[in-house]
Amino acid sequence: MNKYIPNALTLLNLFCGSIAVIFAVNNNFVTAALFVFLGIFFDFFDGFAARKLNVQSALGVQLDSLADLVTSGLVPGIVMYKLLELSDRSWTAINFINDSSLSFREISLFPLFGLSITLASAYRLAKFNIDEEQQTYFKGLPTPANTLLIIALPLIIEFQNSDAINTIILNKWFLIVVTILSCYLLNSNIKLFALKFKDYSFKNNGTRYIFILLCLVLLIVLQFAAIPIIILLYIFMSVLDNLTSK
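Being a predicted model, the structure only gives us computed values, none of them experimental.

Rules used in this analysis
Each residue is numbered by its place in its chain's sequence as written, counting from 1. With pLDDT at 70 or above as the cut-off, local features in this predicted model cover only qualifying residues; side-chain atom pairs require 80 or more to be listed or tallied, and sums for whole chains, interfaces and linings still use all residues. Neither water nor hydrogens contribute to the side-chain values; these are computed over all heavy atoms in the structure. Helix and strand definitions follow DSSP, with helices as H or I runs of at least four residues and strands as E runs of at least two, each counted in order from the N terminus. We call a residue buried when its accessible area falls under 20% of the maximum for its residue type, exposed when it is over 50%, and partly exposed in between, using a 1.4 Å probe and counting protein chains only. Note on contacts: a residue pair qualifies if any of its non-hydrogen atoms lie within 4.5 Å across the two residues. In this analysis, axes come from line fits to C-alpha atoms, helices being fitted only over the stretch in contact, and the angle between any two N-to-C directions falls in the range 0 to 180 degrees. Throughout, the term roughly parallel applies to angles under 35 degrees, roughly antiparallel to angles over 145, roughly perpendicular to angles from 65 to 115, and oblique to all others. Less than a right angle of anticlockwise turn of the near helix away from the far helix marks a crossing as left-handed, whereas a clockwise turn marks it as right-handed. Charged residues are taken to be Asp, Glu, Lys and Arg, nonpolar residues to be Ala, Val, Leu, Ile, Met, Phe, Trp, Tyr, Cys and Pro, and polar residues to be all remaining types, Gly included. Patch rule: a residue counts if its relative accessible area is over 30% and it has no salt bridge; like charges are joined within 9 Å, and nonpolar side chains (Val, Leu, Ile, Met, Phe, Trp, Tyr) within 5 Å. Areas reported here follow the Shrake-Rupley algorithm with a probe of radius 1.4 Å; residue values treat only the protein chains shown as occluding. In what follows, salt bridge is the name for a side-chain nitrogen of Lys or Arg lying within 4 Å of a carboxyl oxygen of Asp or Glu.

(A) Structural context of the side chain of Asn166. Here Asn166 is to be found in helix H6 (residues 163–169). Given a relative accessible area of 17%, Asn166 falls into the buried group. Look past the residues within four positions of Asn166 in its chain and what remains in contact with it is Ile156 and Ile157.

Encoded structure:
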């Protein structure tokens, strides 16, 4: 039975991601975010369970990436598409007829640029599967971290209640820059530390412990607005750790 536990957790990740897609398409970003958080939770513990139970397998690796492509690839792409659509109702649109019995369906073209995040995520996951170096660190921003960055944007609008911040987030050029930056970070060669503990000593995990502590403080103080700062902090601390370890 042990060998099925990690894969069951991975499928729960995929299940949560699929539900998140439905809510994101219908502009219910809060509920979509809830299921994304659940999916990422299962994504973290499927690998943890596989290592602890010593049942790691090639099937598990492939299944994990397929689940991540939905939860941490398709969902953030849809969220960015929706945000770009909300940012400017004047985007050029085109009408498609899918069936003679259906009415005209209007699709905005430029917001489709947000789906670049989905494409970049798929490319990153494919590279990760064939890269044997990324066992103790990540090369480029992991897809779950990138998803948290994107999904945080509508949550900040919903809960932070700041007109100034909302104006920035719903600026189409800001969203375009975030999309390009997201795609770059996913497939960059920046070495980022992984939250994997071989032991629990501070000597070998100082950077991880400090990062987790700072994350908790930032989340308590800034709530959802802390998430983009945490992603930047993660990159900064990783680069600093790389420089000091040389």
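Now, onward.
(B) Summary view of the packing of helix H3 (residues 58–87) against helix H5 (residues 143–159). The contact between H3 and H5 brings their axes to 9 Å, and the two run at 30 degrees. By the angle between their axes, H3 is roughly parallel relative to H5. Judged by the twist between their axes, the crossing of H3 over H5 is left-handed. Contact residues: H3 offers Asp68, Thr71, Ser72, Gly73, Val75, Pro76, Val79, Met80 and Leu83, while H5 offers Thr143, Pro144, Thr147, Ile150, Ile151, Leu153 and Pro154. When grouped by side-chain class, the residues that make up the contact of H3 with H5 number ten nonpolar, five polar and one charged.

(C) A look at a nonpolar patch on the surface. A surface patch of nonpolar side chains, amounting to about 510 Å² of accessible area, comprises Phe41, Phe44, Phe45, Leu195, Ile212 and Leu216. At the level of secondary structure, the elements contributing two or more residues to the nonpolar patch comprise helix H2 (29–53) and helix H8 (202–222). Examining the composition of the nonpolar patch, we find that three residues originate from one element, H2, more than from any other. For Ile212, the location among the structural elements is in helix H8. The class for Ile212 is partly exposed, based on a relative accessible area of 33%.

(D) Focus on the packing of H5 against helix H7 (residues 172–186). Where H5 meets H7, the axes come as close as 10 Å, and the angle between the chain directions of the two elements is 170 degrees. The orientation of H5 with respect to H7, classified from their angle, is roughly antiparallel. In this structure, H5 uses Thr143, Asn146, Ile150 and Leu153 to contact H7, whose residues at the interface are Phe174, Leu175, Val178, Ser182 and Leu186.

Remember that the coordinates give geometry; whether it matters functionally is a separate question.
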